[in-house]
Every structure is written in C-alpha cells, then in structure tokens.
Amino acid sequence: MELFRRDKTHLIFKLDSMEKDLLVETVNLFPVTTENTQSVSKTGDPDELEENQALLDEAMAAHKQESKDWIKGILHNSTRLKFYQDAYHLWLRVEEIEPLLQILNDVRVGSWIQLGCPENVSELNMAEVSTDNARYAWAMEVSGAFEAFFLSTLNER
Amino acid sequence: MPEPEQPVTAPGTREETDPEESQEPGYYVICWNDPINLMDYVTHVFQTVFGWPKSKAEHHMMQVHQRGKSVLVRESLERAEHYVHQLRKYQLHATLEKG
C-alpha cells in the first residue's frame, strides 16, 4: 500500500488486491464500539450527567450512522475505489482521512473491548482468545496497521 | 485516474456555529489513558480537534501516557461538551469535570 498521488485537496492511495480486501473487510466491521461504555464525567452531578450522557450517546449514534453511510458510499463508488492498470486506487479528499481514521479506530477500540480490554495489547494472552473472539484479535491488529499507515502519510506533509 | 463524478460528503464536515462565549470557563476537558490508542493517533487527534501545533499535542499525549490523564482545556460547559463530543468521535476516553 502506498500514497500514489497527493495535491492540496486530494489523496490517491494504491492498494494491491489483498490490501484492498483487508481494508474492506476491516471497515465492514464498523461500528464495533457500543454506547454507554464511558461516562461523560467522573465527578459531576448525577442528574446533570444523565442528560449529558443521553445527548452524547445520541450524537455518537447519529455520527456512526453517518460514517457508516459515508464509508459504504466510498467503497461502492467505482470512481472512489477502482482497479486501474495494476492496482486498486482509493481516491479521498484530504479531509476524508479524518472519518476514515475514526472508523478504523472504532474497529480497533471496539475489538479491544470485545477481547476484554487486555492491558498488554502487543502480546495478547492466547488464553483470552477463543473461536468466538478471534476475529476481534485480527481486527484490532489490522485496523491498527491501517491507522499507522494513514497517519504516516499525514506526517509526510 | 478520473475524478469522481458524484461527491460523497464526509461525516462531521458541516460547519458548526460557535456557542455563546459568555459562560464561565468552569469545566475541564480531561483525556484519560488507555492501552489501545496509538500514540501517534492521540497526537493527531489533539492537533485536529484543538488546532494545536504538534509539539503541544505531543506534550499532552505524553502526559496522558505517563500520568494517566491530561487536562486539555478549561472552557464553558458548552465548549467543553463540544470538545468531549469531538474526542469521543475519535474513540478517545475524554470527560468533562467541573472546576
């Protein structure tokens, strides 16, 4: 996978077939996180918090639906993800890196939660991985690798 | 490669109006450590959400990493809520606490 072309407003990434399949498979898992996993405050008034928490959960649910529709639109738009000459080309506006990172990190964090929030993510305890949650171990690693790649392209600016 | 004919609007890119600035800046936005978010990712999110230079974003990222949390900003309730919402969109563990 490589950054093939960039200008002030657009980015084009080149992916081979396996990388394209991995990216599609990973973002298809989105959303993995569920609401109410984190309180909006650790110290606030419970009544006030309840209202704020409800607003936050509602906003997050709407944002996730918006993101899901967006990524679906990208992956099914033949001018956004297209096989061209020798590889797949993923065409993004510069600002679209942000929702893509959010989606990938939702998959990463959500998968980590599904695995029981292990403290040591670099060396997973295999006793914690079962046939039921193995796909989350995979998704946590792959989404993290894609995140690192896209972040490195931003740092090349 | 030809440019796409149909635009796909990215989520969260609509313009947002600034809330009233008249409220007291009595709320802290705090980011808490976790073992899953990549350090470069956290730095990037702080730069994007707060518009900070990389050095400042890295400083707060390291505070989160080493001390378990970092106080990011002190703002009015509305602004603090806005920032917590933005950080949560990136799946960072952020809370607002009354000062």
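Residues numbered from 1 in each chain as written. Chains lettered and ligands numbered in written order. Predicted model: local features only at pLDDT ≥ 70, side-chain atom pairs only at ≥ 80, totals over all residues. Heavy atoms only, no water.

## What to know about the overall build of chain B
Link 1 in the chain: A count of helices and strands for chain B gives three helices and three strands.
Link 2 in the chain: In chain B, the succession of α and β elements from N to C terminus is β-α-α-β-α-β.
Link 3 in the chain: Looking at the 99 residues of chain B, the share that counts as buried comes to 53%.
Link 4 in the chain: Put simply, of all contacts in chain B between residues at least 6 apart along the chain, 70% involve residues at least 24 apart.
Link 5 in the chain: Accessible surface, chain B as shown: approximately 5300 Å² in total, 45% of it carbon and sulfur. (Helix = DSSP H or I, 4+ residues; strand = E, 2+ residues; numbered from the N terminus. Buried < 20%, exposed > 50% of the residue type's maximum accessible area, 1.4 Å probe, protein only. Contact = heavy atoms within 4.5 Å. Areas by Shrake-Rupley, 256 points an atom, 1.4 Å probe, with all protein chains shown as cover.)

## With respect to a negative patch on the surface
Residues and elements named next belong to chain A.
Link 1 in the chain: Where like charges cluster on the molecular surface, the negative patch consists of Asp45, Asp47, Glu48, Glu50 and Glu51.
Link 2 in the chain: On the secondary structure map, aspartate 47 appears in helix α2 (residues 46–75).
Link 3 in the chain: For aspartate 47, a relative accessible area of 60% translates into the label exposed. (Patch = residues over 30% accessible without salt bridge, like charges linked within 9 Å, V, L, I, M, F, W, Y side chains within 5 Å. Salt bridge = Lys/Arg side-chain N within 4 Å of Asp/Glu carboxyl O. Lys, Arg positive; Asp, Glu negative; His and termini not counted. Charge placed at Lys NZ, Arg CZ, Asp CG, Glu CD.)

## Thoughts on the interface of chain B and chain A
Link 1 in the chain: Counting residues at the interface gives 40 residues for chain B and 52 residues for chain A.
Link 2 in the chain: Of the roughly 3900 Å² buried where chain B meets chain A, counting both sides, 61% is carbon and sulfur surface.
Link 3 in the chain: Here chain B is connected to chain A by zero salt bridges.
Link 4 in the chain: Run the count over chain B and chain A and you get 13 residue pairs in polar contact (both at pLDDT 80 or more). (Buried area = accessible area lost by both parts, 1.4 Å probe. Polar contact = N/O pair within 3.5 Å; in protein donor to acceptor, adjacent residues only side chain to side chain.)

## A closer look at helix α3 (residues 97–114) of chain A
Residues and elements named next belong to chain A.
Link 1 in the chain: Here α3 spans 25 Å end to end across 18 residues, near enough to the 26 Å set by a 1.5 Å rise per residue.
Link 2 in the chain: Burial analysis of α3 places 16 of its 18 residues in the buried class, the great majority of the element.
Link 3 in the chain: Positioned one or two residues after α3, glycine 116 has a phi angle of 90°, which is positive. (Expected span 1.5 Å × (residues − 1).)

## Some thoughts on unusual backbone geometry
Link 1 in the chain: Geometrically, the link from A:Phe30 to A:Pro31 is a cis peptide bond, its omega value of -5° lying close to zero.
Link 2 in the chain: Here A:Pro31 is to be found in the loop between α1 (17–28) and α2.
Link 3 in the chain: Of note in the backbone geometry, A:Cys117 takes a positive phi value of approximately 55° without being a glycine.
Link 4 in the chain: Considering the arrangement of structural elements, one finds A:Cys117 in the loop between α3 and α4 (134–155).
Link 5 in the chain: Despite not being glycine, B:Gln91 has its phi angle at roughly 70°, a positive value.

## A short note on the packing of α1(A) against α4(A)
Residue and element names in this part refer to chain A.
Link 1 in the chain: Running from N to C, α1 and α4 point in directions that differ by 115°, and their axes come no closer than 10 Å. Judged by the sense of rotation from one axis to the other, the crossing of α1 with α4 is left-handed. Between α1, through Glu19, Leu22, Leu23, Glu25 and Thr26, and α4, the contact on the second element is made entirely by Trp138, Val142, Ser143 and Phe146.
Link 2 in the chain: In terms of residue class, the contact of α1 with α4 is made up of five nonpolar, two polar and two charged. (Axes fitted to C-alpha atoms, helices over the stretch in contact; angles between N-to-C directions. Left-handed = near helix turned anticlockwise from the far one by under 90°. Nonpolar A, V, L, I, M, F, W, Y, C, P; charged D, E, K, R; others polar.)

## Looking at the sheet that holds strand β2 (residues 69–75) of chain B
All names here are of chain B.
Link 1 in the chain: Taken together, the three strands give an open sheet; going across it, the order is β2-β1-β3, and neighbouring strands pair in antiparallel fashion. Looking along the sheet, the strands with just one partner apiece sit at the ends: β2 and β3 (94–98). Each neighbouring strand pair of the sheet contributes to a mean axis angle of 30°, computed without reference to strand direction.
Link 2 in the chain: Both strand β1 (residues 27–32) and β2 contribute to a ladder of six bridges, which runs antiparallel. The residue bridging valine 29 from the neighbouring strand is valine 73, located in β2. (Pairing = 2+ DSSP bridges.)

## Things to note about the confidence of the model for chain B
All names here are of chain B.
Link 1 in the chain: Counting all residues, the mean pLDDT for chain B is 85, and 78% of those residues have values of 70 or more.
Link 2 in the chain: In this model, residues 14–18 is a region of pLDDT below 50 whose contacts with residues beyond four sequence positions or in other chains number four contacts.
Link 3 in the chain: Scoring the predicted complex yields pTM 0.88 and, for the interface, ipTM 0.91. (pLDDT = per-residue confidence, 0-100.)

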